[in-house]
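Each chain, letter by letter, is given below.
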Amino acid sequence: MGTVVSKAQLILQAVAELKKTYDVLNKRLQTSPGLPIPNPTLPLWTVPPTSLPLHPGMEDLPDYADVVIIGSGITGTSVAYNLLHRESALKIVMLEARDVCSGATGRNGGHINPPLYHDYNELEEKFGVHVAKVMIAFRRAHLTELLRIATEEGILSESECRETEHLDVFTCPKAFAASKQNLAKWRAAMPAESSSFEAIRKYHLADQTLGCISNAGGAMHPYRFVTALLSILLTRHPDALRIFTHTPCTSITSADGLYTVTTPRGTLRTPHVVHATNGWCSHLLPSLRAKVAPARGAMSAQRPGTTLHASTLSGGRSFVFYRGTAGYDYLTQLPEGEHELMFGGGWAQACDDGLPEIGIADDGSVNHASQSYLAGALPQYFGLSNWGEEAQVRPEESRDGEEEAPRWGTGRTKAQWSGILGISADLLPWVGRLPEKVSGRTPPDAQASERLDEKGEAEKVHLATPGEWISAGYTGEGMVHAWMSGKALAHMLLDRENEIEEWFPDILRVSEKRWKEANFENLIARFMR
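My aim in this report is to walk through the structure given alongside it, one point at a time.

## Here's the deal with the nonpolar core
- Counting residues in hydrophobic clusters, the biggest one holds 88 residues, and the most contacted among them are Ile69, Leu83, Trp186, Phe225 and Trp483.
- Not counting residues up to four positions away in its chain, the partners in contact with phenylalanine 225 are Leu146, Ile149, Ala150, Ile155, Ser159, Met220 and Trp483.
- In terms of nonpolar packing, the next biggest core, distinct from the first, is built from 19 residues, Val169, Phe319, Leu331 and Phe382 among them.

Right, dumping it as structure tokens:
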């Protein structure tokens, strides 16, 4: 009898703890992420910082813009780039709460490796064969598009945008078996697209490695890519694009035919507002709380062991490490300088009272447990014999050719930082026009919002009817969703929806129906199982 009572007590205690965890997470998800904090951790990517070519008078906020883009990461940059590529007469204002590209784009791992075989079967079961294939093609298009733009704009070397040999590395038998099954099913459905994928034994990795799945992948320096493009746009379109840093948008109202966007620098009016703030989007869009939630991720820059070249090819390979069935770690390597290993993950370790860091929008500190894990994991993944001795730090090998600044660590771990992801409740990005029910604001009247010239006549800048727009909620896969989503959004703003019908997945569109159906229980199921 005592044993039965004890078991019952344990079950009740477990249920109580689960409810407590659920209540804490629910409270986090329902709380505004606020504005990005002013003193975030320092990513290696952003040093040295890029100085944008600002023009005289650009410090003054204009009274009007055709489009206001909130956010200066890869999404906002894609929207601006693709708008101006097709309509150079537009007046665009980009608002950034901190420095340019200081959010998730400037803090990620530099991967351009889309999930393909990983969730093809799930996509097919839920949306059908055609939609699943369109989604896979959309993700795969990112590397091709980013390489094309970097080449055409002359920033290929600066942005370090490149193809890699990518390896999914498995140490868990269950995860490896499931992945091989998923790969076989995807190969049957999309043989041409999956032809480069191969299940292999291992590539100079630790003995506990069960096997890998290799394929063509990609990597880049995300901060330099974005800031280089913004510099080009400012030089090419000095009268069209204006960027205001340390100018957060604090509120949006709609009246008298236009939106009024309020900032500490002043207000401006516009017929179109683009929300490109990912994990922070629900600050200005309260209805998206528990639909797109912030989550804090961990990143590090580490010096490679002296004999690691055979494993990493000094930046020629990229990796995702799967230790179990929940969570993963990811790695790219810089092709120059000290060849720093850009290593992130530790999601499963970053749990406080059983909670992952969902609902946390503070990138001013790092999680102790996850960063401790990242600091020691790499020699275990590659094997001590493949790692070699620890690198000797020599000032002349610093990335910018100057002596190491004292802010960097002088051991294996050179830098640690955090970044805020946007986790989608239904695990898909949210792209498109925001319904009035979701934005909480009535769109301006189309006729009242026409741009008038000095004679009071409507100017010939054709845009879609006024509204608010969004591209956010990439769930940790921004580098294979954000650029093409921003491009699609630019077409929508220009009222050229017919041009994206073949390649844009409609399942990413924002709709009132999707908004009603999305719920944070999906987050719990994904990250707490």
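## Brief notes about the packing of helix H3 (residues 120-127) against helix H4 (residues 129-152)
- The geometry of H3 relative to H4 is characterised by a closest axis approach of 7 Å and an angle of 140 degrees between their N-to-C directions. Taken as axis vectors, H3 and H4 run oblique relative to one another. Remark: the crossing between H3 and H4 carries right-handed chirality. Between H3, through Tyr120, Leu123, Glu124 and Phe127, and H4, the contact on the second element is made entirely by Val129, Val131, Ala132, Lys133, Met135, Ile136 and Arg139.
- For the contact of H3 with H4, a count of residues per class yields eight nonpolar, no polar and three charged.

## Structural notes on the layout of surface pockets
- Computed from the structure, the second largest pocket encloses a volume of approximately 550 Å³.
- Contributions of two or more residues to the lining of the second largest pocket are made by helix H7 (222-236) and strand E6 (241-244).
- In terms of residue class, the lining of the second largest pocket is made up of 16 nonpolar, nine polar and five charged.

## Focus: unusual backbone geometry
- With an omega of 0 degrees, the peptide bond running from valine 47 to proline 48 counts as cis.
- Topologically, proline 48 is positioned in the loop between helix H1 (2-29) and strand E1 (67-70).
- The backbone of glutamate 160 sits at a positive phi, close to 55 degrees, despite the residue not being glycine.
- Classification of glutamate 160 as buried rests on a relative accessible area of 6%.
- At aspartate 256, a position not held by glycine, the phi torsion is positive, near 55 degrees.
- Along the chain, aspartate 256 turns up in the loop between strand E7 (251-255) and strand E8 (258-263).
- When its relative accessible area of 71% is taken as the criterion, aspartate 256 is described as exposed.

## With respect to H4
- Here H4 spans 34 Å end to end across 24 residues, near enough to the 34 Å set by a 1.5 Å rise per residue.
- The principal kink in H4, of about 30 degrees, is found at alanine 141.
- Of the residues flanking the end of H4, it is glycine 154, one or two places downstream, whose phi is positive at about 75 degrees.

## As for the pairing of E8
- Across the six residues of E8, five count as buried, placing the element largely inside the fold.
- Note: E7 against E8, five bridges, orientation antiparallel. Within E8, the residue paired with isoleucine 252 across the bridge is valine 261.
- In textbook terms, the turn of a hairpin is the stretch between consecutive antiparallel strands, and for E7 and E8 this stretch comprises two residues, one of which, aspartate 256, has a positive phi near 55 degrees.
- When E8 meets strand E9 (residues 266-270), the two strands line up antiparallel, connected through five bridges. Bridge pairing in E9 links threonine 260 to arginine 269.

Here is what the cut-offs are and how they apply
- Residues numbered from 1 in each chain as written.
- Predicted model: local features only at pLDDT ≥ 70, side-chain atom pairs only at ≥ 80, totals over all residues.
- Heavy atoms only, no water.
- Core = buried A, V, L, I, M, F, W, Y, C linked by side-chain atoms within 4.5 Å.
- Buried < 20%, exposed > 50% of the residue type's maximum accessible area, 1.4 Å probe, protein only.
- Contact = heavy atoms within 4.5 Å.
- Axes fitted to C-alpha atoms, helices over the stretch in contact; angles between N-to-C directions.
- Helix = DSSP H or I, 4+ residues; strand = E, 2+ residues; numbered from the N terminus.
- Parallel < 35°, antiparallel > 145°, perpendicular 65-115°, else oblique.
- Left-handed = near helix turned anticlockwise from the far one by under 90°.
- Nonpolar A, V, L, I, M, F, W, Y, C, P; charged D, E, K, R; others polar.
- 1 Å grid on protein atoms, 1.4 Å probe; cavity = no way out; pocket = protein on both sides within 12 Å on 5 of 7 lines; lining within 4 Å.
- Points joined across faces, edges and corners; volume = space filled by probe spheres on them.
- Expected span 1.5 Å × (residues − 1).
- Bend = angle between axes of the 7 residues up to and from the residue.
- Pairing = 2+ DSSP bridges.

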